[in-house]
Amino acid sequence: QDSNSFNHKAEGFSIGAAVLNLGADVRYEDSEQKDPLPRLLRVGIAWRPIVTETFQTTLAADYEKSLLDLKSGFFKEFFAPQFFISKYGLEVNFFYVWTFRLGYRQDNENEDHYLTSGFGFGPHWINFNIASDRRGETRYSVIFNYPLDLK
């Protein structure tokens, strides 16, 4: 079978960055109070060491930084490790339908560090995901993927 006939991402490295929530502050109808959106910078790197027709693995690291309340020493504080949230993970995907995840989150040097786990199900165009951590928090998501190439 031709290696391009199944839907997967190639082996190798990927990098990405996003600046999130750059909109206007939230204003309330009955008061002068306004609250800023949780403005964030997120950068990450992923490595796919194994990609076959039925099996794929991904190792990833993400770093997140709040862009709120930065002091005048912007660059000094911005790159200080104690102000980052770090996330590391391993994802294993079977038949490009079943996904299992294991991760580790470190909010900063003085905050809680904990393991996370997750499970996903779905073909490439829709996924249902469940994630939980040792603090007892569980999150659910449904993700729709819209390909640009609609053959």
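Keep in mind that this is a model prediction, so the values were computed, not measured.

1. Concerning the sheet that holds strand β9 (residues 126-133)
Argument step 1. Taken in spatial order, the eight strands line up as β1-β4-β5-β6-β7-β8-β9-β10 in an open sheet, and their pairing is antiparallel. Both edges of this open sheet fall to β1 (12-20) and β10 (138-144), since each of them pairs with a single strand only. Strand-to-strand twist across the sheet, computed as the mean angle between neighbouring axes with direction ignored, equals 20°.
Argument step 2. Relative to strand β8 (residues 113-121), strand β7 (residues 98-106) runs antiparallel, the two sharing nine bridges. Counted as the bridge partner of Arg 105 is Tyr 114 from β8.

2. Digging into unusual backbone geometry
Argument step 1. Look at Phe 95: it is not a glycine, yet its phi comes out positive at around 60°.
Argument step 2. In this structure, Phe 95 sits in the loop between β6 (84-94) and β7.
Argument step 3. For Tyr 96, which is not glycine, the phi dihedral falls at a positive 55°.
Argument step 4. As for its position among the elements, Tyr 96 is in the loop between β6 and β7.
Argument step 5. Residue Tyr 96 is classed as buried on the basis of its relative accessible area of 16%.

Conventions adopted
Residues numbered from 1 in each chain as written. Predicted model: local features only at pLDDT ≥ 70, side-chain atom pairs only at ≥ 80, totals over all residues. Heavy atoms only, no water. Pairing = 2+ DSSP bridges. Helix = DSSP H or I, 4+ residues; strand = E, 2+ residues; numbered from the N terminus. Axes fitted to C-alpha atoms, helices over the stretch in contact; angles between N-to-C directions. Buried < 20%, exposed > 50% of the residue type's maximum accessible area, 1.4 Å probe, protein only.

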